[in-house]
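# Observations on chain architecture
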Amino acid sequence: MSRRLRWYFDYLSPYAYLASTQLPALAARHGLEVEANPVLFAAMLASTGSRGPAEVPARRAYMVHDITRLARALGVPIAPPATHPFNPLAALRVTWAVPAKERWRLIEALYRATWVDARRVDDAQVVAAVASECGFDGEALLARAASDEVKTRLREVTDAVIGQGAFGVPTMTVDDQLFWGVDSLPLLERYLADHQALDAAELARWRAIVPSAVRRTKA
């Protein structure tokens, strides 16, 4: 059975955008293609009771510096989006409405629209326009994106990767290994190069640790 490198992303995440600029070349170096899977980051957060970095003031302030530094290090453009956080549902569903073999072209266009050109991809008509600009029938995609089939696909894939242990984006999986974050790409590449999984016995010792204190939360 051929290996698959699966990538799970949401247009809401600047880190997923940065990963999108690196993954195709990384995968090609190892004779793989990227299977791109839009997911709902908000559902991932809800599954763990977490908040996104943009929802925590100190993390939001740091994120601005972090993504700017990362983009500069990677040599890719980035600019403030029109609004953030925003509702990515229209963009995610339209992406699922495109056949897998043609999907990457739309993904690149929507990421550029969001994180370079500051276009409102939370607006379905803007999403349709971006799709049309890169060679698709934007209005036809909008109609398909409204179908139960596409809506269900987005929910099912999100739930499935949460079930595999994913809690954020970007998440990459290959074999039975999960990698999270743009900063894990070097570790992903190392794994693809040597196929060496972590030692199961060592991981079991880490998982056996139990807490001796629990942080109190305010009532």
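Higher on the page you've got the structure.
Residues numbered from 1 in each chain as written. Predicted model: local features only at pLDDT ≥ 70, side-chain atom pairs only at ≥ 80, totals over all residues. Heavy atoms only, no water.

Glancing now at the environment of Val34. Note that Val34 resides in strand S2 (residues 34–38). For the pair Val34 and Trp104, spaced 70 residues apart in sequence, the C-alpha separation works out to 9.0 Å. Those residues in contact with Val34 that sit more than four places away from it in its chain are Leu5, Trp7, Leu23, Pro24, Ala27 and Trp104. (Helix = DSSP H or I, 4+ residues; strand = E, 2+ residues; numbered from the N terminus. Contact = heavy atoms within 4.5 Å.)

Attention shifts here to the packing of aromatic side chains. Taken as a whole and judged by the stated rule, the model has nine aromatic pairs. Measuring from ring centre to ring centre gives 5.7 Å for Tyr17 and Tyr111, while their planes differ by 45 degrees; the resulting arrangement is tilted. Of this pair, Tyr17 sits in helix H1 (residues 14–20) while Tyr111 sits in helix H6 (residues 103–115); the two residues are 94 residues apart in sequence, bridging distant segments of the chain. The residues Tyr17 and Tyr111 share a single accessibility class, namely buried. Feature note: the residues Trp7, Phe9, Tyr11, Tyr17, Trp104 and Tyr111 constitute an aromatic cluster, connected by ring pairs. Cation over ring: Arg105 sits above Phe136, and NZ or CZ is 4.2 Å from the ring centre. (Phe/Tyr/Trp six-rings, centres within 6.5 Å; stacked < 30°, edge-to-face > 60°. Buried < 20%, exposed > 50% of the residue type's maximum accessible area, 1.4 Å probe, protein only. Lys NZ or Arg CZ within 6 Å of the ring centre and 35° of its normal.)

Right, let's talk about the sheet that holds strand S4 (residues 177–180) for a bit. With mixed pairing, the four strands of this open sheet are ordered in space as S2-S1-S3-S4. Two strands close off the open sheet at either side, each with one partner strand: S2 and S4. Each adjacent strand pair in this sheet contributes to an overall mean axis angle of 20 degrees, direction not counted. Pairing analysis gives four bridges linking strand S3 (residues 171–174) to S4, with the strands arranged antiparallel. Bridging across to S4, Val174 finds its partner in Gln177. Along the sheet, H6 makes contact with strand S1 (5–9) and S2, crossing S1 at roughly 35 degrees. (Pairing = 2+ DSSP bridges. Axes fitted to C-alpha atoms, helices over the stretch in contact; angles between N-to-C directions.)

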